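Observations on the model geometry
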Amino acid sequence: MLRNYVKIAGRHLVRNKGFTSITMLGLALGFAGFILAYSYIDRERSYDAWNPDYDAIYLVGADYQGEKSGEVLAGLAPAIAAQLPEVVHAGRINQAPFEIPFITDQGVFYVQKWFAADLAVAKMFKIQTREGTLDSLTKPKLGILSHEAGELLYHDKLFTEGLMMANRETGIPMQIDDIAKEPQGLSLIAFDFLNVSRDIAEGFDGVRNMPAVRTFIQVKPGTDISAVEQKINAVYRNEVSRLHNVVPGVAQHTTLYLDPLKNLHLKPRHGSNTGYVVIVVIGILSSVILLLAAINYTNLMVTQAHKRAKEIGLQKIFGISRSQLAFHFFMEILAQCLVAALLAGGLVILGQHALQKWLAHDLSAYVAGGIVAGAQKFALPLLLAALATAAVSGIYPAVVLSGYRPVGMLKGNFQTSHQTAWFRHALLTLQFVIALVFISSLFFVTRQLNFMRHGDKGFDPGQVVYIKNLNDFGNPARGIAFETVRNRLQAIPGVEYATVATSVPGGNPPAPARAEYQDVPYTIDHIGVDFEYFETMGMEVVEGRVFTGDFPADSANALVINEAAMKTLNIRKVTGQVIRGCDTDFRLVGVVRDAKMLGFDHAVTPTMYSIRNPCGQFKSEILVKIREGAAQRALASMEKDWSSLNTFDGDYFRYEFADQKYAALFRQQAQLESAVSLFAVLAIIVAMMGLLSMSAYSIRIREKEMTIRKVLGASGKHIFLQLNKPFFRIFLLANIIAVPIAYFLVKQWLSTFAYRIDIQWWMFALAGLMALAIALLTVSWQTVRAAVANPAESLRTD
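Residues numbered from 1 in each chain as written. Predicted model: local features only at pLDDT ≥ 70, side-chain atom pairs only at ≥ 80, totals over all residues. Heavy atoms only, no water.

With respect to the confidence of the model for the protein
- Confidence along the protein averages 81 in pLDDT terms, with 80% of residues attaining 70 or more.
- Mean pLDDT values for the elements of the protein range from 48 in helix α1 (residues 2-15) up to 96 in strand β12 (residues 214-219).
- Low pLDDT (under 50) marks residues 5-10, which in the prediction has 11 contacts with non-local residues, meaning those over four places away or in another chain. (pLDDT = per-residue confidence, 0-100. Helix = DSSP H or I, 4+ residues; strand = E, 2+ residues; numbered from the N terminus. Contact = heavy atoms within 4.5 Å.)

A word on the side chain of Ser620
- Along the chain, Ser620 turns up in the loop between β22 (607-610) and β23 (621-626).
- Those residues in contact with Ser620, other than ones at most four positions away along the chain, are Asn469, Leu470, Asn471, Asp472, Val500 and Ala501.

Description of the nonpolar core
- By size, the foremost hydrophobic cluster in this structure holds 86 residues, and its most contacted members are Phe31, Phe438, Tyr533, Phe534, Met539, Phe547 and Tyr609.
- In contact with Phe31, other than residues within four places in its own chain, are Leu290, Cys337, Ala340, Ala341, Ala344, Leu382, Ala385, Ala386 and Thr389.
- Residues Ile57, Leu59, Leu142 and Leu264 belong to the second largest nonpolar core, which totals 25 residues. (Core = buried A, V, L, I, M, F, W, Y, C linked by side-chain atoms within 4.5 Å. Buried < 20%, exposed > 50% of the residue type's maximum accessible area, 1.4 Å probe, protein only.)

Considering the sheet that holds strand β8 (residues 163-165)
- One open sheet holds the four strands; their spatial order is β5-β4-β8-β9, and the pairing between them is antiparallel. Strand pairing shows two members of the sheet lacking a second neighbour, β5 (107-111) and β9 (172-174), which therefore form its edges. Adjacent strand axes in the sheet meet at a mean angle of 30 degrees, parallel and antiparallel pairs treated alike.
- Pairing between strand β4 (residues 100-104) and β5: five bridges, direction antiparallel. By the bridge assignment, Phe102 is partnered in β5 with Phe109. (Pairing = 2+ DSSP bridges. Axes fitted to C-alpha atoms, helices over the stretch in contact; angles between N-to-C directions.)

As for the sheet that holds β23
- Strand order in the open sheet formed by four strands is β15-β23-β14-β24, with antiparallel pairing between adjacent strands. Here the strands that pair on one side only, and so sit at the sheet edges, are β15 (495-501) and β24 (655-657). Sheet twist, expressed as the mean angle between neighbouring strand axes with direction ignored, is 25 degrees.
- Summarising the sheet, β15 and β23 pair through six bridges and their orientation is antiparallel. Its bridge partner being in β23, Thr499 is matched across the sheet by Leu623.
- Packed on one face of the sheet, helix α17 (residues 482-490) meets β15 and β23 and runs near 160 degrees to β15.
- Against the sheet, helix α21 (residues 631-645) makes contact with β14 (464-467), β15, β23 and β24, and its axis sits at roughly 140 degrees relative to β23, the strand it touches most.

Points about the side chain of Ser146
- Residue placement: Ser146 occurs in the loop between β7 (141-145) and α5 (147-154).
- Look past the residues within four positions of Ser146 in its chain and what remains in contact with it is Ile179, Ala180, Phe191 and Asp192.

Some points on α17
- What α17 keeps buried is the set Phe482, Val485, Arg486 and Leu489. With its buried residues spanning 100 degrees around the axis, α17 presents them on a single face. The outward face of α17, more than 90 degrees from its buried face, is lined by the exposed residues Glu483 and Thr484. (Arc of directions from axis to C-beta.)

So, unusual backbone geometry
- Although it is not a glycine, Ala166 sits at a positive phi angle of roughly 85 degrees.
- As for its placement among the helices and strands, Ala166 is situated in the loop between β8 and β9.
- The phi torsion at Asp583 lies on the positive side, around 60 degrees, for a residue other than glycine.
- Relative to the helices and strands, Asp583 resides in the loop between β20 (578-581) and β21 (584-592).

Topic: the packing of α17 against α21
- Viewed as axis vectors pointing N to C, α17 and α21 meet at an angle of 160 degrees, and their least axial separation amounts to 11 Å. Classified by the angle their axes make, α17 and α21 are roughly antiparallel. Read as a crossing pair, α17 and α21 show a hand that is right-handed. Counted together, Val485, Arg488 and Leu489 of α17 and Met638, Asp641, Trp642, Ser644 and Leu645 of α21 form the full contact between these two elements. (Parallel < 35°, antiparallel > 145°, perpendicular 65-115°, else oblique. Left-handed = near helix turned anticlockwise from the far one by under 90°.)

Observations concerning the packing of helix α3 (residues 76-83) against helix α6 (residues 225-243)
- It is the contact of α3 with α6, at a shortest axis distance of 10 Å, that shows an interaxial angle of 115 degrees. As α3 packs across α6, the resulting crossing turns out to be right-handed. Of the residues in α6, those touching α3 at Leu76, Ala79, Ile80 and Gln83 are Ile232, Val235, Tyr236, Glu239 and Val240.
- Of the residues assigned to the contact of α3 with α6, the class counts are seven nonpolar, one polar and one charged. (Nonpolar A, V, L, I, M, F, W, Y, C, P; charged D, E, K, R; others polar.)

Considerations on the pattern of salt bridges
- Going through the model one piece at a time under the given rule, you end up with 19 salt bridges.
- The partner of Lys68 in a salt bridge is Asp63, with the nearest N and O atoms 3.1 Å apart.
- Here Lys68 falls in the partly exposed class, since its relative accessible area comes to 32%.
- Accessibility expressed as a relative area gives 18% for Asp63, which makes it buried.
- Residues joined in a network through salt bridges with shared partners are Glu99, Lys468, Asp649 and Arg654. (Salt bridge = Lys/Arg side-chain N within 4 Å of Asp/Glu carboxyl O.)

What about the state of the cysteines?
- In the structure shown here, the tally under the stated rule is one disulfide.
- Residue pairing for Cys582: its cysteine sulfur links by disulfide to Cys615, the two sulfurs lying 1.9 Å apart. What sets the handedness of the Cys582 and Cys615 disulfide is the S-S torsion sign, and at about 105 degrees it is right-handed. Taken as a pair, Cys582 in the loop between β20 and β21 and Cys615 in the loop between β22 and β23 lie far apart in primary sequence, 33 residues in all.
- In this structure Cys582 comes out as buried when scored by relative accessible area, which is 18%. (Disulfide = S-S within 2.5 Å.)

Regarding the pairing of strand β6 (residues 114-118)
- Most of β6 sits out of view: four of its five residues are buried.
- As paired elements, strand β3 (residues 87-95) and β6 share three bridges and run antiparallel to each other. Its bridge partner being in β6, Ile93 is matched across the sheet by Ala117.
- By the bridge criterion, five bridges tie β6 to strand β11 (residues 193-197) in an arrangement that is parallel.

Here's what the structure looks like:
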């Protein structure tokens, strides 16, 4: 039976192939947007959802005076495991802050995610290996390669020896005990190399010497989580804080909390919720696009019903019941929606590569091999969307139109009825509202992203190269001084400055350190640097000076702070000030401008810089400033000489431009911009299609009226204004509704940034003018054609 309705629907499409085809394409675009949104949201929400203990796993976080952290003291996990019987597992995981090559005869794999974890973490996250070594763990520590790394380095057979870290000839031999099986799904614990121990504290000579770590717990079913939180806080204050010698005041003002695993990927309490905002926005935008397409389709059905009014009237006179007509209409609409859904699947397949680049989202799992191969992923949701659209779009023509009296329809009263006009105008107003909100949002998102890309950062990452090779130049035991490396680098033509630090913009954040000034304790971020750091990063000196070789004491105890630290410590005069940090008395020599090293989401934190590095982080991040236009030649020279500069892993020269690394901080915001722009374009296209068909319909039903006006002497200009007047009224009403909605949404989004653009009225006016221009381009060519048409042609058809 559905086949018959497909044929009937097809005849109507052919009979009205102009605007009907446009509207059907708009409906297909709406379905295509739905597929994209569904696939993206499904992927982002799938992290660890495959884990049978998904709802029982929590991250233990810390809140100190409103500042939340996803890391807690290393002694907490064993204390929880020992004292809380409702906790099944408690484990820690720590990530190494570097990238290093692993080498076998089969190839080289650059390990970027190197984790050390307790066995409890491996059990919680269901990590499985080929040989099952995690089931017994007979050794103190196991080295496990990821499935991807194992395939590259060993192919089908695991050798107990033969893997070197950093360098093929003189590197460090690595013991690989097993290779992980292919993951069951996406997970937060996605690693390249994993060291698993029963107790990772053994590698740090005890928990007191360990840095803060991520700590996970798994609770028994039915556990009262609020009660567990209270017990964990009691354990922390009574035992763990004393074990780690935490200042009593800090322990008193620190509250530990449990964050569910299901929240951690998209909206962790300790980090940015941009990922969650992105999927919510994409979900809303795709729904709105689908709504726009359904509105267009409803308008099309109303138009077609007008053209078929006499047909409907005759059917009712010959005894066709209202329920039969309603069912007939609905089945035609459903058939057309299913055709549009199939077309949408084809559009996604054809455009998958461009969409993947635009959204930074791999669609291969959804569309690879065509609709048949991707059916398990999106066929059912797409079918439900088609059914819902058919139901929404078919309510009016199927129920309302089938109830009109046949005599009135045969007389032609239907075409000028206000009962249909208000409905069409309401739908068109809603389309304008949605389009205006889309255009305004896109305008503000783009301006904020441009502000983040090109605004004042407090430093200049342009022409700065970040060399990712590993060496700790702050450790005397390494036997290499950075001064030698800097001199060699500066001998390369085009190199202006070279330095090394413990942290780089967009990389691992600075280490929080205890500081004391005038007997008042503070928590201040610390970055260990070297000479020429501030020159390399283009940071401006506000007061005093920065480190220089002219003052030998700078290497021992000199300190530079930023403006935020100067304000926090209430320092009015630089000269002669002593600040104690990391058990070292530093002499303050200068103040530099605040640098947004952590991006625009977070306010700049008080930071201190020193050449001496007593706070524990590796001073391994090499930064080189290259003169503009000389980067290619300078990098080639560095790569050629790097093995002699860095004997540890110098055979594999790896670098990244600092501005690219910094841009990674707002990658999710860039994804939001891409998503908004993509769906805004779709919304505008679909709205234009609807406006085009709607204006054509409105002009058509007023054709005789305009002809009579012209016969009576009305000018083409007068006819043009008469035809456009309803659309201008609709446009003004839509602006009145859309501007407050757009203002609220934009204000909410901008409030998530510490540094943001200002909302000004002219921005909404500009967005409105853009929408007006689009509307005029869409409508005017039809009204102009109607205004200049020969009235004799219209009257001849009467």
